Amino acid sequence: MLKITTQFTRDQKANACISEFINNRIMSLLINYMENASGKSYLKVNSDDTEFQENIKYYFPDHYSKLDAASAYISLLKGVKSKDDFIPNIYEEYALHAVIQSYIHSCEDSGKSPAKNMPSEDRKYVISILKAEYLEDGEKDEQDPEFRMTTFEDMYDYDEFVTYNMEYGMLDHMTAEEITAARDSKHF
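Structural notes, computed from the coordinates. Each chain carries its own residue numbering, running from 1 in the direction its sequence is written. Note on the predicted model: pLDDT of at least 70 is required for a residue's local features to be given, and 80 or more for side-chain atom pairs to be given and counted; whole-chain, interface and lining totals, by contrast, use all residues. In computing side-chain values, all of the structure's heavy atoms are included and hydrogens and water are not.

### Focus: the nonpolar core
The definition of a nonpolar core used throughout is a set of buried Ala, Val, Leu, Ile, Met, Phe, Trp, Tyr and Cys residues joined through side-chain atoms within 4.5 Å. Per-residue accessibility, obtained with a 1.4 Å probe over protein chains only, is compared with the maximum for each type, and a residue is labelled buried under 20%, exposed over 50%, and partly exposed between these values. Counting residues in hydrophobic clusters, the biggest one holds 55 residues, and the most contacted among them are Ile22, Ile26, Phe52, Tyr73, Val126 and Val162. Elements with a contribution of two residues or more to this core: α1 (12-38), α2 (50-56), α3 (66-81), α4 (90-109), α5 (120-137), α6 (145-153), α7 (158-162) and α8 (176-184). Top contributing element to this core by residue count: α1, with 13 residues. Not counting residues up to four positions away in its chain, the partners in contact with Val162 are Leu2, Ile4, Ile22, Ile26, Glu93, Leu96 and Ile100. Only DSSP runs of H or I covering at least 4 residues are called helices, and only runs of E covering at least 2 are called strands; the numbering of each starts at the N terminus. Here, two residues are considered to be in contact whenever any of their heavy atoms come within 4.5 Å of each other.

### Considering the pattern of salt bridges
A pair is scored as a salt bridge if a Lys or Arg side-chain nitrogen falls within 4 Å of a carboxyl oxygen belonging to Asp or Glu. With the rule as written, the count across this model stands at five salt bridges. Between Lys40 and Asp49 there is a salt bridge, and its shortest N-O distance comes to 2.8 Å. Since its relative accessible area comes to 33%, Lys40 is described here as partly exposed. Residue Arg123 is joined to Glu153 by a salt bridge in which the shortest nitrogen-to-oxygen separation is 2.7 Å. Note that Arg123 is positioned in helix α5 and Glu153 in helix α6, a separation of 30 residues in sequence. Given the relative accessible area of 4%, Glu153 is considered buried.

### As for the packing of aromatic side chains
When the centres of two rings from Phe, Tyr and Trp lie within 6.5 Å, Trp using its six-membered ring, the rings pair. Their planes under 30 degrees apart give stacked, over 60 give edge-to-face, and anything left gives tilted. For the coordinates displayed, the defined rule picks out eight aromatic pairs. Centroid distance Phe8 to Phe152: 4.9 Å. Interplanar angle 75°. Geometry classified as edge-to-face. Of this pair, Phe8 sits in the segment before α1 while Phe152 sits in helix α6, and the two are 144 residues apart along the sequence. Across the pair, Phe152 and Phe8 agree in class, each one buried. Relative to Phe161, the ring of Phe8 has its centre 4.9 Å away and its plane inclined at 85°; by these criteria the two rings are edge-to-face. Here Phe8 is found in the segment before α1, whereas its partner Phe161 is found in helix α7, with 153 residues between them in sequence. A single burial state applies to Phe8 and to Phe161, both of which are buried. Grouped by ring-pair contacts, the aromatic residues Phe8, Phe152, Tyr158 and Phe161 constitute a single cluster. A ring is scored as having a charge over it whenever the NZ atom of a lysine or the CZ atom of an arginine sits within 6 Å of its centre and within 35 degrees of its normal. In this arrangement the basic side chain of Lys13 is found over the ring face of Tyr125, its NZ or CZ atom lying 4.3 Å from the centre.

### Here we look at the packing of α1 against α4
Axis lines are fitted through C-alpha atoms, for helices just across the contact stretch, and the angle between N-to-C directions can take any value from 0 to 180 degrees. The N-to-C vectors of α1 and α4 enclose an angle of 85°; their axes lie 11 Å apart at closest approach. With respect to α4, the axis of α1 lies roughly perpendicular. Every residue of α4 that contacts α1 at Arg25, Ile26, Leu29, Leu30 and Tyr33 is listed here: Leu96, Val99, Ile100, Ser102, Tyr103 and Ser106. Class assignment for the residues of the contact of α1 with α4 results in eight nonpolar, two polar and one charged. For classification purposes, an angle smaller than 35 degrees is called roughly parallel, one larger than 145 roughly antiparallel, one from 65 to 115 roughly perpendicular, and anything else oblique. As a working rule, the residues Ala, Val, Leu, Ile, Met, Phe, Trp, Tyr, Cys and Pro are called nonpolar, Asp, Glu, Lys and Arg charged, and the rest polar, with Gly in that last group.

### Focus: the layout of surface pockets
The rule is simple: put a 1 Å grid over the protein atoms alone, call a set of points where a 1.4 Å probe fits but cannot get out a cavity, call an open set with protein on both sides within 12 Å along at least five of seven lines a pocket, and count a residue as lining if it has an atom within 4 Å of a point. Grid points are joined across faces, edges and corners, and a volume is the space filled by probe spheres set on the points. A volume near 240 Å³ is recorded for the largest pocket. Every residue lining the largest pocket is counted, 14 residues in all, and those nearest its centre are Phe21, Asn24, Arg25, Ser28 and Lys116. Top contributing element to the lining of the largest pocket by residue count: α1, with eight residues. Of the residues in the lining of the largest pocket, the class split is six nonpolar, four polar and four charged.

This is how it looks when you write it as structure tokens:
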């Protein structure tokens, strides 16, 4: 499961519901893209599959090899499916961002929303917590509970929750090793 460090509410059960919902949406998205890229069930895909390599490469920087991209994507899905906290490496983060953005753009192109409602029982619980905290805090500039729900249910804000720094954005111009060397020499 992706390690989501954002505390959405002060209630741990509500945070767990939100984190699980976000993780499950991403897992479903990764599986769908994997199956589309390979033309078969994700359970049968391996990194040596040339069709998968060719099609999944799109979600990685140009300098990254097809085999490495296929391996990284499979590793990303395994981490997201895991019951343990998972923090993607820089190339997996790049792919995660690319898949989320690709989904958002395909929804926009087809006139659909990239939002999906949280399962009913969880949604009711989370909304009740958000409303209680909203009323308790009494801050006029606090976000409305229904509006806050959209940040969990709509993929537009997912990068903020599931990526850990923006260094993956530099992979279009540098390798991970070059980024690490630049960071270590304090050039950024």
